[in-house]
Amino acid sequence: MIDPRLEIFGAIDDAQKREVLSRLSSTAVSIVADPSIPQRRELMIAVTHATDLLARLFDHVVIDIDCPWADEQNQKAQSLRPLGNAEPTTRVTLGFGDVPADIYAGYSATGAAISVRAPLLCDEGILAALLAGSAAAAEVFKLVFESFLPEIVRADYVIPMTLESDLCPSQGGIVLDAIVAGGGSVGFGVVEALAALDIELRGRVDIIDNGVIEERNLYKYGHLSRQTALSGAYKVAILADRLHTAHPGLEVHPHPVTIENYEGRDAALAIVSMDNVAARRAAQELLTRDIVNIAIDGTEFEVASLTFQQTGCIYCYYQNNREEQADYAAISERFGLDVNRTEHLLTTNEGLISSDIEAISRANILRQDDVSTFLNQPLRSLIQRAAYAQAVIQSQHGSMRLATAFVSSMAGTMGAIEALKSSIPTQRRQRLSAAVDMLGIFHALCERKNAKNPTCAICNSTYRLNEYRRLWGDGGCA
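Draft legend 1. Looking closely at the overall build of the chain. Counting its regular elements, the chain contains 16 helices and 17 strands. Each of the 478 residues in the chain was classed as buried or not, and the buried ones make up 58%. Considering only intrachain contacts with a sequence separation of at least 6, the fraction spanning at least 24 residues in the chain is 68%. Carbon and sulfur atoms form 48% of the exposed surface of the chain, whose accessible area is close to 19,800 Å².

Here it is, written out as structure tokens:
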């Protein structure tokens, strides 16, 4: 059986396959912290988050810190990937604070930081600690696989949040009026970030996704136990339970349906992370005031803050996107399907039938057993499996893809940060959009510079503009 962390596309040489798997089984990662750092909740979150993400990839991940929560997290890590038979031959140390380490991570109220040279400040900020944990996991991955991935950039960098540490100057917590559209790995990242807050959340959140959890999700979804992955439960039910447990005063409604079948309500905010443009546009039709749009492609992701009257909408954002003009011929060739059949599957989102599975199996891009698991699932799910939150290792015969849960985890955390800014009047003007390459460094960060498209059907529709104004007013959206 092929290791579930690894997906094969093409006729990969067995020796190269074994070398990649050997890196996973023979690398020991130790996470250490300076004893002088106060063992506040921020340190626990940063360390346990990094551990959780790394344990979904490497066999030997251990927290080497003398504290009560370290033992519990080490047991969780071992349950994800029980220690392999291979003895560790490579050792990597991830450090928080002034301790000997190969990689350093830090956090403060203003953001998170990574250094490959010197210790960093570890102070306060729960969301920054989550960002630091995700970034640290990415840096360990980059160090271990540096020789396989020549495009890797290893350098010091900072991830700013522009989020005031005092999120809640008045009593009563933060009122969140939101729709989470998409319950995949990014949706899990968003909910985990919101659940980690020690500030009370109130209001209402609706979560929309018609998918059920599967065992293979274990390696791409952060903070997902093996027991839950095997449960076959609806993803929205898992997320709703997690969020409501963390914030009992927050009304959370799970909706196990597609976005097209969701009976919408007038929510102020939509956090959108679905895997196709059509579904994202359906979220736009809910006429929310603000949208936080999160999109992943391999190890890169974008988080865009889109606001009525202030920026372009999702129609503008994707008008010239390559997914907008789907290359049905190229997809058909890759997956062995007829072009007309491909167009039909992608436009209707119908599930694959047995003849589709047989055709895809003959294309030899995945093992037949793997392809068969997509029976009755949309073709988009199979396409996304080839690209979503995975690092690509190329060879002359094909490619291997490794599950990298740290991508969707960081994307979800950054999306949650922008959602909180949208919900706090004093923070609304601090919203950002970001593009991140997690095999490189931060490469774009701006203040909501998503321009309107002059031909956009949403922004230039008198009817839609009147509906937006009816819901949110002329000047209440800045």
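Back to the text.
Draft legend 2. Looking closely at the sheet that holds strand E5 (residues 103-108). Strand order in the open sheet formed by 6 strands is E3-E2-E4-E5-E6-E7, with mixed pairing between adjacent strands. Only two strands of the sheet have a single neighbouring strand rather than two, namely strand E3 (60-63) and strand E7 (157-160). Strand-to-strand twist across the sheet, computed as the mean angle between neighbouring axes with direction ignored, equals 15°. As defined by bridge partners, strand E4 (residues 90-96) adjoins E5 across 3 bridges and the pair is classed as parallel.

Draft legend 3. Layout of helix H7 (residues 235-246). Its 12 residues place the ends of H7 17 Å apart at the C-alpha level, agreeing with the 16 Å of an ideal helix rising 1.5 Å per residue. The secondary structure elements touched by the buried residues of H7 are helix H5 (185-196), strand E9 (201-208), helix H6 (226-229) and strand E10 (250-255).

Draft legend 4. Expanded view of the pattern of salt bridges. Using the criterion set out here, one finds 21 salt bridges in the structure. A salt bridge links aspartate 52 to arginine 56, with the nearest nitrogen and oxygen atoms 2.7 Å apart. No difference in accessibility class separates aspartate 52 from arginine 56, as the two residues are buried. Residue arginine 431 is joined to aspartate 290 by a salt bridge in which the shortest nitrogen-to-oxygen separation is 3.3 Å. Remark: aspartate 290 occurs in strand E12 (residues 290-297) and arginine 431 occurs in the loop between helix H15 (405-423) and strand E16 (433-437); sequence separation between them is 141 residues. For the pair formed by arginine 431 and aspartate 290, the shared burial category is buried. Overlapping salt bridges, with partners in common, bring together Asp177, Arg204, Asp206 and Arg265 in one network.

Draft legend 5. Just the side chain of serine 134, in detail. Looking at the element boundaries, serine 134 is found in helix H4 (residues 126-144). The residues contacting serine 134, other than those within four sequence positions of it, are His49, Leu53, Phe406, Ser409, Met410 and Met438.

Draft legend 6. Structural context of helix H3 (residues 68-80). Every buried residue belonging to H3 is among Trp69, Ala70, Gln73, Asn74, Ala77 and Leu80, and all of these are buried. Projected down its long axis, H3 shows its buried positions confined to an angular sector of 135°, all on one face. Looking at H3, the residues exposed on the side facing more than 90 degrees away from the buried face are Pro68, Asp71 and Gln75. Elements that come into contact with the buried residues of H3 comprise helix H2 (41-55), E3 and H6.

Draft legend 7. Representation of the packing of aromatic side chains. Here the structure, examined in full by the defined rule, presents 5 aromatic pairs. Taken together, the aromatic side chains of Phe58, Phe141, Phe145, Phe148 and Phe406 make up a single cluster linked through ring pairs. Above the face of the tryptophan 472 ring, arginine 289 is positioned so that its terminal group lies 5.9 Å from the ring centre.

Rules behind the numbers
- Residues numbered from 1 in each chain as written.
- Predicted model: local features only at pLDDT ≥ 70, side-chain atom pairs only at ≥ 80, totals over all residues.
- Heavy atoms only, no water.
- Helix = DSSP H or I, 4+ residues; strand = E, 2+ residues; numbered from the N terminus.
- Buried < 20%, exposed > 50% of the residue type's maximum accessible area, 1.4 Å probe, protein only.
- Contact = heavy atoms within 4.5 Å.
- Areas by Shrake-Rupley, 256 points an atom, 1.4 Å probe, with all protein chains shown as cover.
- Pairing = 2+ DSSP bridges.
- Axes fitted to C-alpha atoms, helices over the stretch in contact; angles between N-to-C directions.
- Expected span 1.5 Å × (residues − 1).
- Salt bridge = Lys/Arg side-chain N within 4 Å of Asp/Glu carboxyl O.
- Arc of directions from axis to C-beta.
- Phe/Tyr/Trp six-rings, centres within 6.5 Å; stacked < 30°, edge-to-face > 60°.
- Lys NZ or Arg CZ within 6 Å of the ring centre and 35° of its normal.

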